[in-house]
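# Close look at the chain arrangement
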Amino acid sequence: MTSQSISLLEYLCNFTGTCAYVIFLFLLLRRFLTPRSNKKWFTLLSFLILPSLSQPYIYPEEMTGTVGVLLLFIIYLLIMFKGTLLERLSVCIVIYPILISLNFLTENIGYQIWDMNQDMSLTAQTVLHTLTIYLRIPAWYLIWRLSRKWIPHVRELTVRMWLVIDIISLASAVGLITFIYYSPMDRAYTSYPACIACFLTSMGALYLTSYVAKTIKSNMEMQNLKYQQSYYEELEENQKTVRKIRHDMKNHLSVIYSFIQNRDFHGAEKYFRELSGELTVNNRIFCKNSIVNAVLNSKYNTALENKVDCFFNISIDGLLGIDDISLCSLFSNTLDNAIEACEKIQDTSKRQISLKARYDKGYFSYEISNSKRNPITVKKNRYVTEKTDKTLHGFGVQNVRDMVEKYAGDMDISYTDDRFTITILIGNL
């Protein structure tokens, strides 16, 4: 085989190996983030950029190139994908250590084999180099397969969760780079355990965080189901009451008629009021979303029990860009805090809550305002609860803030001596 044929074969093998790597990497990134465009030319542009990310080695003489690849990866994610800045940087921090560890392992294994057989033919060297590239394909395929189960739950991560996974992944990457950089070239194989540990750390952190996110989501779904159950139980009781009244309606009308015949209008009015009271139902229709409506009914009834005057104006029909769990978390957390604040006001006539939510032309606006008596305590940009057990409380506002950041919205908190208001605006839904 001529040298030209060998070069052509090496080029084709490198090209096909790189294409397979790029495909799996692009599919992996799309599971984390949403591309800014789904047009074919936009996808093609990604396939032109990603091959340059396939060679981040960390030998001392290539350290400048390694840093350059990292910067290119960050710029690529910032320009080509949607999401918050933290999400896109976090994806880079999670995936880049995997790139480093896999590339170093495969490349150095090939180098060690060549170093022990330096007299091998040019064809053998080409085959060896091709194998080092092709070894990465099953690894990336495995990562992509695992990501099908894990990454959908990663989208539920809060800012604090992302920071945790970033610290874990970044610490392992820095440790790996430092270990390889100061290892002698002829003993680079001693870094293999560190590479494997770095790879497993990034994958393990991803799995652990997605597991936590899935658990939190399951707990919130369970809470929403409880709201729904309570709502439908009250609805069933109301229907029973209506059926009972309807069954006895003839008797009721006879009693009222007898009052009127005897010209006892006061007695007729009293009896009619009592009958009207029995017909009053506790369930109200605030919106067409049955889950959110169940939460609002539960909180509204709680507020009435505590003699809190409530005004709800909800118009969120057609809102699909925010999932039900996030919506219920928003309504329940803010209403819980508002009711709790009103309960501390001695004069029940001053207990007031105003809630307005609206969705229109891709924008979701939310404002809740409640009267209050106690002063607001803020420490390190966090609102401190006045409850005795602070470990179990005080996260309501933070949970709402996390939800707003998840959808790249804006949140404003303002308060006076007797009023507390939260305003939220989320666009591009």
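Residues numbered from 1 in each chain as written. Predicted model: local features only at pLDDT ≥ 70, side-chain atom pairs only at ≥ 80, totals over all residues. Heavy atoms only, no water.

## What to know about the side chain of Ser354
Along the polypeptide, Ser354 turns up in strand β2 (residues 352-360). Of the residues examined, Ser354 reaches a relative accessible area of 17% and is grouped as buried. Setting aside its immediate chain neighbours within four residues, Ser354 contacts Phe311, Glu367, Ile368, Ser369 and Arg419. (Helix = DSSP H or I, 4+ residues; strand = E, 2+ residues; numbered from the N terminus. Buried < 20%, exposed > 50% of the residue type's maximum accessible area, 1.4 Å probe, protein only. Contact = heavy atoms within 4.5 Å.)

## With respect to the side chain of Ser326
With respect to the helices and strands, the residue Ser326 is situated in helix α12 (residues 324-343). Ser326 sits in the buried class, given a relative accessible area of 7%. Ignoring any residue separated from it by four or fewer positions in sequence, one finds Ser326 in contact with Met403, Lys406 and Tyr407.

## Some points on the UniProt feature "transmembrane region" (unreviewed entry) in the protein chain
Per the UniProt record, the feature "transmembrane region" (unreviewed entry) sits at residues 6-29, 41-59, 65-81, 93-114, 126-143, 163-183 and 189-213. For residues 126-143, helix accounts for 94% and strand for 0%, while the C-alpha atoms at its two ends are 27 Å apart. Summarising residues 163-183: 90% helix, 0% strand, and an end-to-end C-alpha distance of 30 Å. (UniProt positions renumbered as here; feature names shortened; annotations may be inferred.)

## A closer look at the sheet that holds strand β6 (residues 410-415)
The mixed open sheet is built from 5 strands, whose spatial order is β1-β2-β3-β7-β6. Looking at strand neighbours, the two that pair on one side only are β1 (309-315) and β6, the edges of this open sheet. Across this sheet, the average inter-strand angle for adjacent strands is 5 degrees, counted without regard to direction. Across 6 bridges, the pairing between β6 and strand β7 (residues 419-426) is antiparallel. Bridged to Ser414 within β7 is Thr421. Where helix α11 (residues 290-305) meets the sheet, its contacts fall on β1 and β2, and the angle it forms with β1 comes to roughly 165 degrees. On top of the sheet, α12 reaches β1, β2, β3 (363-371) and β7; it is set at about 15 degrees to β3, its chief contact. (Pairing = 2+ DSSP bridges. Axes fitted to C-alpha atoms, helices over the stretch in contact; angles between N-to-C directions.)

## Here we look at a nonpolar patch on the surface
On the surface, Tyr207, Leu208, Tyr211, Val212 and Ile216 cluster together into a nonpolar patch covering about 450 Å² of accessible area. Note on placement: Val212 falls in helix α8 (residues 192-247). (Patch = residues over 30% accessible without salt bridge, like charges linked within 9 Å, V, L, I, M, F, W, Y side chains within 5 Å. Areas by Shrake-Rupley, 256 points an atom, 1.4 Å probe, with all protein chains shown as cover. Salt bridge = Lys/Arg side-chain N within 4 Å of Asp/Glu carboxyl O.)

## A few points about the nonpolar core
Leu29, Phe73, Tyr76, Leu77, Ile95 and Trp140 are the most contacted members of the largest nonpolar core, which has 46 residues in total. Of all elements in the fold, only α1 (3-32), α3 (63-80), α4 (85-116), α6 (136-154), α7 (159-181) and α8 reach the threshold of two or more residues within this core. Of the residues forming this core, the biggest block, 11 residues, is contributed by α4. Membership of the second largest hydrophobic core comes to 40 residues, among which are Phe312, Ile314, Ile322 and Leu330. (Core = buried A, V, L, I, M, F, W, Y, C linked by side-chain atoms within 4.5 Å.)

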